[in-house]
Amino acid sequence: MVTVDEVHEFATSLPEVTVGARHGNRTWFVAGKAFAWERPFSKADIKRFGDETPPEGLIIAVTVEDLAEKEAVLASQSKGFFTIPHFDGYAAVLIQLKKVGKRALREAIVDGWLACAPAKLADEYLSP
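Fair warning: this is a prediction, and the values are worked out from it, not measured in the lab.

Novice: Which residues make up the overall build of the protein, and what are the values?
Specialist: When helices and strands are counted, the protein shows 5 helices and 6 strands. Going from N to C terminus, the protein has its helices and strands arranged as α-β-β-β-α-β-α-β-β-α-α. Radius of gyration (C-alpha) of the protein: 14 Å, near the 14 Å computed for a compact globule of 128 residues. Dimensions of the protein, computed from C-alpha atoms along their principal axes, come out at roughly 50 × 30 × 25 Å. Scored against the burial criterion, the 128 residues of the protein give a buried share of 41%. Sequence-distant contacts, at least 24 apart, represent 51% of the contacts inside the protein between residues at least 6 apart. Split by element, the accessible area of the protein, about 7400 Å² in all, is 52% carbon and sulfur. Charge centroids of the protein, computed over 15 positive and 18 negative side chains, lie 5 Å from each other.

Spelled out as structure tokens, the structure:
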């Protein structure tokens, strides 16, 4: 199990990250672009689950490079990663902190940051 404090630690360890709020939820930004945010379920989201029980606990949304990357992440069936109809056609995945491992979460956060960071900053981060 991962805590939101660990999400914050992972995200803010990356260059030029700022923290703010979007729709009342803590959000991590790079160059003004959100790459990760707390994403509680709305009433409409819960209704769409129907008879299925929604994932419990804190949920984080993380940006991915594009829809192909989203499909690849979901196809890998990594523990804790999922999506909902509200995110159809949107390049982001949801992560259930109660189930995800620290390594997988950190990789997702870094990938989200790389997808949103300016090219020069991303290149500097990836350079040895």
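Novice: For the packing of aromatic side chains, give the residues involved together with the corresponding values.
Specialist: Applying the stated criterion across every chain, the model contains 5 aromatic pairs. Seen in terms of ring centroids, Trp37 and Tyr90 are 6.5 Å apart; in terms of plane orientation they differ by 65 degrees. Their pairing is edge-to-face. Here the residue Trp37 occupies a position in strand E3 (residues 33-38), and Tyr90 occupies one in the loop between strand E5 (81-82) and strand E6 (92-96), the gap between them amounting to 53 residues. The class of Trp37 is buried, set by a relative accessible area of 7%. According to the relative accessible area criterion, Tyr90 is partly exposed, its value standing at 40%. A centroid spacing of 6.3 Å and a plane angle of 55 degrees characterise the contact between Phe41 and Phe82, whose relative ring orientation is tilted. Here the residue Phe41 occupies a position in the loop between E3 and helix H2 (43-48), and Phe82 occupies one in strand E5, the gap between them amounting to 41 residues. Phe41 sits in the buried class, given a relative accessible area of 18%. Taken together, Trp37, Phe87 and Tyr90 form an aromatic cluster joined through their ring pairs. The ring centre of Trp37 lies 4.8 Å from the NZ or CZ of Arg22, which sits over that ring.

Novice: Got a sec to walk through the sheet that holds E5? Specific residues and values, please.
Specialist: Taken in spatial order, the 6 strands line up as E1-E2-E3-E4-E6-E5 in an open sheet, and their pairing is antiparallel. Both outer strands of the open sheet, strand E1 (17-22) and E5, are each paired with one neighbouring strand and no more. Where strand E4 (residues 59-63) and E6 come together, 5 bridges link them in antiparallel fashion. Bridging from a neighbouring strand, Thr63 pairs with Ala92 of E6. Strand contacts of helix H1 (residues 4-12): E1, strand E2 (25-30), E3 and E4, with the helix running at about 15 degrees to E2, the strand carrying the most contacts.

Here is what the cut-offs are and how they apply
- Residues numbered from 1 in each chain as written.
- Predicted model: local features only at pLDDT ≥ 70, side-chain atom pairs only at ≥ 80, totals over all residues.
- Heavy atoms only, no water.
- Helix = DSSP H or I, 4+ residues; strand = E, 2+ residues; numbered from the N terminus.
- Rg over C-alpha atoms; globule rule 2.2 N^0.38 Å.
- Buried < 20%, exposed > 50% of the residue type's maximum accessible area, 1.4 Å probe, protein only.
- Contact = heavy atoms within 4.5 Å.
- Areas by Shrake-Rupley, 256 points an atom, 1.4 Å probe, with all protein chains shown as cover.
- Lys, Arg positive; Asp, Glu negative; His and termini not counted.
- Charge placed at Lys NZ, Arg CZ, Asp CG, Glu CD.
- Phe/Tyr/Trp six-rings, centres within 6.5 Å; stacked < 30°, edge-to-face > 60°.
- Lys NZ or Arg CZ within 6 Å of the ring centre and 35° of its normal.
- Pairing = 2+ DSSP bridges.
- Axes fitted to C-alpha atoms, helices over the stretch in contact; angles between N-to-C directions.

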